[in-house]
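Secondary and tertiary structure notes
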Amino acid sequence: MEGQVVAPGMRVLVPGLLEGALRVVPDGGINDGRAERVGRVVVVEEQALRLERSRQHAVCPAVGRRATGRVTRVNNRMAVVEILAVDQIPVSDGFRGLIRQQDVRQAEVDSVQMYKSFMPGDIVETVVVSLGDRAAYYLSTATNELGVVHAFCPSCGDTPMHPLSWVEMGCVQCPSVLEFRKVAKRPASAVF
Amino acid sequence: MIIDAHVAAVLVSHICCARSLASGDGRIKTKLGASEYSMGKYGALIVDAADATVEQDSEAAEAIVPVASPSLFVRAGVLSEASGSAYVELGNTQVFCAVHGPRAAGSGGSGQGFGSGSMSGQPSSQRGIVTCDVRSLGEGMVDNAGALAVVVSSILSAVVRLEQYPKSRIDVYVLMVNDSGSAFAATVNAACLALCDAGVAMRDLVSACSMGVTRVRPDPASESAMEVDKCDDQDDHDGVLAVVANPQNSRPGSRKTQRMTLMDFAIMPNLGRVVYAHLRGQVEFNHVEKASEKAMAQARLVAAILSSYMREREKSALDAMSAGTA
């Protein structure tokens, strides 16, 4: 049924492929051979099926997904993050995450100082490591590309700072300002 | 998000205007089973009532007359703020449904008085929950709004793949613009469409049908047979036994459907499962099977209609998208 639009519950079959040999993209909208949503069946990478939709459906945080959020509170054991997007898809309000001290970086986890890693108002890129407890998901920034993406200069207020190293950020307008953060390594092609 | 009464009135008039415009040219007529349905120009779906036929049941002592279901009008994507939404008209019963989610459980919306809301358990780390809130536009128009909310949330929690939304909540808000007897069927169908529109992962579609078992005056093939006001109480043996799909009160404020024997069914058509079955009142043994057969057939028909409507809609949206980028 490649190219056909299916509704939830309909069987998804491609002529020419044995049903047992059907591969499905995980989280592609096809489960147990049946569609989960309304969408068009497309074949990607030879024999993998997923559903294509005109509108992105809403998601919730799941283990292994990237979560982008804003830091709301910091204490010496953890930073509380308000999750804004999962895998670049905006989510509803209210999803909360925690970055615990042991999840900030990979090396020397005992000597991490939370106030030198995050400050309230920072935008962070994290990965969800666990569903956590009732209040929050557990997030981690323990790789090079994760960490603070945006932080604002404390003296001039609204200016975003730029990274100087993986632990420091500085402000363009205030040369004396040097802020400590766990900085995310952005690819060379990144705009900011 | 509770739908404002003012907004609802504007939307209903807008949709009715679109519906009357859609009745002109630009209709695509297709036959589906026993009834015709057509896709209007504005992406709305209008189903005309099928012709009623008289059946003779040789085993039963008397003939049971199936009476056609009132016309069905559906439209999805009517509320821009919601994740998904739908508007369903079943005869004179009009229902809006909005779906929000997945949301974090225990946040947002709990500040408002959920007088007629209900939840299907507590969200856990394995599965989420579906909450349902039923409100009516007028005062006291929906009887047992709370009971309806409980029923709808339990039906939807069987249909939605909640294990994909751990620790999350999917909120379903129902606004009953007018309830003339088919609140249950219209609500469940609207909720199904709204969930499809939102892209919530579901096991299958869900469609519902209510079947009233009652007696009608002679001359059942005319349209007036659908008017329940002509039916008398169960004890009166005049008139012909009839099963009425999605019975409607013919006059606003009339409560005739309250006194009918009513069977409600909700089914998952592709999986072939009944999700909800409820009988209110009394039915003779040999009428139960007949009535429930007709109810299931009607529900399957509605499911086919909802399915093809959603697929057509998605197809035209995808084509518009690829035409835009090409």
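The rules behind the values
Residues numbered from 1 in each chain as written. Chains lettered and ligands numbered in written order. Predicted model: local features only at pLDDT ≥ 70, side-chain atom pairs only at ≥ 80, totals over all residues. Heavy atoms only, no water. UniProt positions renumbered as here; feature names shortened; annotations may be inferred. Helix = DSSP H or I, 4+ residues; strand = E, 2+ residues; numbered from the N terminus. Salt bridge = Lys/Arg side-chain N within 4 Å of Asp/Glu carboxyl O. Buried < 20%, exposed > 50% of the residue type's maximum accessible area, 1.4 Å probe, protein only. Phe/Tyr/Trp six-rings, centres within 6.5 Å; stacked < 30°, edge-to-face > 60°. Lys NZ or Arg CZ within 6 Å of the ring centre and 35° of its normal.

1. Details of the UniProt feature "domain: S1 motif" (unreviewed entry) in chain A
UniProt marks residues 64-142 of chain A with the feature "domain: S1 motif" (unreviewed entry), using the numbering shown here. Secondary structure content for residues 64-142 of chain A is 0% helix and 47% strand, while the C-alpha to C-alpha distance between its ends is 13 Å.

2. Things to note about the pattern of salt bridges
This model, assessed by the stated rule, comprises 20 salt bridges over all chains. For Glu179 of chain A, the salt bridge is made with Arg181 of chain A, and the minimal N-O distance between the two is 3.0 Å. Arg169 of chain B serves as the salt-bridge partner of Asp171 of chain B, at 2.7 Å between the closest nitrogen and oxygen. Each member of the salt-bridge network shares a partner with another, and the members are Glu36 and Arg37 of chain A together with Arg127, Arg161, Glu163 and Arg203 of chain B.

3. Some details on unusual backbone geometry
Backbone torsion omega between Gly101 of chain B and Pro102 of chain B reads 0°, so that peptide bond is classified as cis. On the secondary structure map, Pro102 of chain B appears in strand S7 (residues 93-104). One non-glycine residue, Asp87 of chain A, lies in the positive phi region at around 55°. Phi is positive for Gln88 of chain A, close to 70°, though the residue is something other than glycine. Tracing the backbone shows Gln88 of chain A in the loop between strand S8 (78-86) and strand S9 (89-90). Here Gln88 of chain A falls in the exposed class, since its relative accessible area comes to 61%.

4. With respect to the packing of aromatic side chains
Counted according to the given criterion, the structure contains four aromatic pairs over all chains. Summarising the aromatic geometry, the rings of Tyr87 of chain B and Phe96 of chain B are spaced 4.8 Å apart at their centres and angled 45° between planes, so their arrangement reads as tilted. Both residues of the pair, Tyr87 of chain B and Phe96 of chain B, belong to the buried class. For the ring pair Phe184 of chain B and Tyr276 of chain B, a centre distance of 5.2 Å and an interplane angle of 40° mean the geometry is tilted. Here Phe184 of chain B is found in helix H3 (residues 183-198), whereas its partner Tyr276 of chain B is found in strand S14 (residues 273-280), with 92 residues between them in sequence. A single burial state applies to Phe184 of chain B and to Tyr276 of chain B, both of which are buried. Aromatic ring contacts, followed pair by pair, group Phe73, Tyr87 and Phe96 of chain B into a single cluster. Positioned over the ring face of Tyr137 of chain A is Lys167 of chain B, at 4.2 Å from the centre of the ring.

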